[in-house]
Amino acid sequence: MSDASKAPHIDIMRSPLGRARGLGSTHKGSAHWWLQRVTAVALVPLGLWFIFSVVGLTGATREQMTAWIASPVSLSLMLALIAATFYHMWLGLQVVIEDYVHQESAKIVAISAVKGLSILLGLICIVSALKIGL
Amino acid sequence: MRDVRDALMVARNTDGKLVRRPLSPHVQVYRWPLSMALSILHRASGVALSVGTLLMTWWLAAAAVSDEAFARAQWFMGSAIGLLCLFGWTVALMFHAFSGIRHLVWDAGYGFDAPHYNTSGWATVIATGVATLLVWIIGLAVW
């Protein structure tokens, strides 16, 4: 044995990048953080469009609302808005839960429930939009 | 003291009484600067908007179901409670959007020093108020 191996040290077989990958609260590295930003950026124009549309539809009848969503552009934007909204909501609520719920089992249950509810509400919105729009 | 590390956490207050030092975040002893209030409001408005998606889901699903269901949804939105929900939803959406843009600018690495984050903080508050009023003036005019 050489003197070098006797000195206090830690054997690291993995590269620093390998160690960093998969870290973070979701164990998916930076994907969660990045997708939260991507959906946020998408929601700025989509949200503006939605606000303008909904304000124009104040007090609208079902026919007027159906006619609006039946346009291919409206329907596509609506579907994009729904997908971005519920994905952004799921990611955001997960961070809130991770920050305040520290008991592991309760945290897993809460995060799963939020994920399930986000998907379910998103599906109801998508199916409804398609049903009236197509 | 059960742990020697506690020695650093125990101190005398102005009356000479031994107290534990507060740990951060300790909201009840901090003055609330704008940045701190806006930070928690961003999170609160996000949670409120999540609840608000129930309104959007109801509105879309009702339109897909029947005339009566849609009329019921429209009636609720036009009622006092419905209008209050929609107003709260507008404030939360506008605030979360403007505050979110502020966060995106920080993510890009700009605006971290005090003069900048105070200016952008007040800009967020003012923009939220103006945009909400604008949407409601136009909305009520259309209605």
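This structure is a prediction, so every number in the text was calculated from the model and none was measured.

Asker: Got a sec to walk through the overall build of chain B? Specific residues and values, please.
Answerer: Scanning chain B for helices and strands turns up four helices and two strands. Walking chain B from its N terminus toward its C terminus, one meets helices and strands in the order β-β-α-α-α-α. In chain B, which comprises 143 residues, the proportion classed as buried is 32%. By element, 70% of the accessible surface of chain B is carried by carbon and sulfur atoms, the whole surface being about 9200 Å².

Asker: Describe the pattern of salt bridges, and please don't skip the residues or the numbers.
Answerer: Counted under the stated rule, the structure contains four salt bridges over all chains. For Arg37 of chain A, the salt bridge identified is with Asp107 of chain B, shortest N-O distance 2.8 Å. Of this pair, Arg37 of chain A sits in helix H3 (residues 31–56) while Asp107 of chain B sits in helix H3 (residues 80–107), which puts the two residues in different chains. The shortest N-O distance in the salt bridge between Asp99 of chain A and Arg43 of chain B comes to 2.8 Å. Note that Asp99 of chain A is positioned in helix H5 (residues 72–100) and Arg43 of chain B in helix H1 (residues 34–65), a pairing that runs across two chains. Here Arg43 of chain B falls in the partly exposed class, since its relative accessible area comes to 22%.

Asker: Any details on helix H4 (residues 114–142) of chain B? Residues and values, ideally.
Answerer: Across its 29 residues, H4 of chain B extends 42 Å between first and last C-alpha, which sits within 8% of the 42 Å expected from 1.5 Å per residue. Those residues of H4 of chain B that sit buried are Gly121, Thr124, Thr128, Ala131, Thr132, Val135, Trp136 and Gly139 of chain B. Taken together, the buried residues of H4 of chain B touch H3 of chain A together with H1 and H3 of chain B.

Asker: Describe the environment of Val38 of chain A, listing the residues and the values that go with them.
Answerer: Within the secondary structure layout, Val38 of chain A lies in helix H3. The sequence separation of Val38 of chain A and Ala84 of chain A amounts to 46 residues, and the corresponding C-alpha distance is 8.9 Å.

Asker: If you had to explain the interface of chain B and chain A to someone new, which residues and values would you point to?
Answerer: The interface is formed by 31 residues belonging to chain B together with 37 residues belonging to chain A. In total, about 2800 Å² of surface goes out of reach between chain B and chain A, with carbon and sulfur atoms giving 74% of it. When the buried area of chain B at its contact with chain A is split by residue, Arg43, Trp59 and Leu60 of chain B rank highest and sum to 21% of it. Where chain B meets chain A, there are three salt bridges. Summed over the shared surface of chain B and chain A, the result is seven residue pairs in polar contact (both at pLDDT 80 or more). Those elements giving two or more residues to the side of chain B that touches chain A turn out to be H1, helix H2 (67–78), H3 and H4 of chain B. The dominant element in the side of chain B that touches chain A, judged by the number of residues it contributes, is H1 of chain B, at 15 residues.

Asker: For the nonpolar core, give the residues involved together with the corresponding values.
Answerer: Among the nonpolar cores identified, the biggest contains 44 residues, and Met78 of chain A together with Met56, Trp59 and Leu60 of chain B are the most heavily contacted of them. Only H3, helix H4 (62–70), H5 and helix H6 (104–133) of chain A together with H1, H2, H3 and H4 of chain B provide two or more residues apiece to this core. A total of ten residues in this core trace back to one element, the largest contributor, which is H5 of chain A. Those residues in contact with Met78 of chain A that sit more than four places away from it in its chain are Trp49, Phe50, Trp68, Ile69 and Ala129 of chain A together with Met56 and Leu60 of chain B.

Asker: A description of the environment of Val135 of chain B should follow, citing residues and the corresponding values.
Answerer: Along the polypeptide, Val135 of chain B turns up in helix H4. For Val135 of chain B, a relative accessible area of 15% puts it in the buried group. As a C-alpha pair, Val135 of chain B and Phe87 of chain B span 48 residues in sequence and 9.7 Å in three-dimensional space. Excluding residues within four positions of it along the chain, Val135 of chain B makes contact with Ile51 and Val55 of chain A together with Thr90 and Met94 of chain B.

Asker: How would you explain the packing of H5 of chain A against H6 of chain A if you had to name every residue and give the values?
Answerer: Residue and element names in this part refer to chain A. With their axes 9 Å apart at the nearest point, H5 and H6 run at an angle of 170 degrees to one another. Taken together, the axes of H5 and H6 are roughly antiparallel relative to one another. By residue class, the composition of the contact of H5 with H6 is 17 nonpolar, four polar and three charged.

Reading the values: rules and limits
Residues numbered from 1 in each chain as written. Chains lettered and ligands numbered in written order. Predicted model: local features only at pLDDT ≥ 70, side-chain atom pairs only at ≥ 80, totals over all residues. Heavy atoms only, no water. Helix = DSSP H or I, 4+ residues; strand = E, 2+ residues; numbered from the N terminus. Buried < 20%, exposed > 50% of the residue type's maximum accessible area, 1.4 Å probe, protein only. Areas by Shrake-Rupley, 256 points an atom, 1.4 Å probe, with all protein chains shown as cover. Salt bridge = Lys/Arg side-chain N within 4 Å of Asp/Glu carboxyl O. Expected span 1.5 Å × (residues − 1). Contact = heavy atoms within 4.5 Å. Buried area = accessible area lost by both parts, 1.4 Å probe. Polar contact = N/O pair within 3.5 Å; in protein donor to acceptor, adjacent residues only side chain to side chain. Core = buried A, V, L, I, M, F, W, Y, C linked by side-chain atoms within 4.5 Å. Axes fitted to C-alpha atoms, helices over the stretch in contact; angles between N-to-C directions. Parallel < 35°, antiparallel > 145°, perpendicular 65-115°, else oblique. Nonpolar A, V, L, I, M, F, W, Y, C, P; charged D, E, K, R; others polar.

That is the geometry; function is a separate question.
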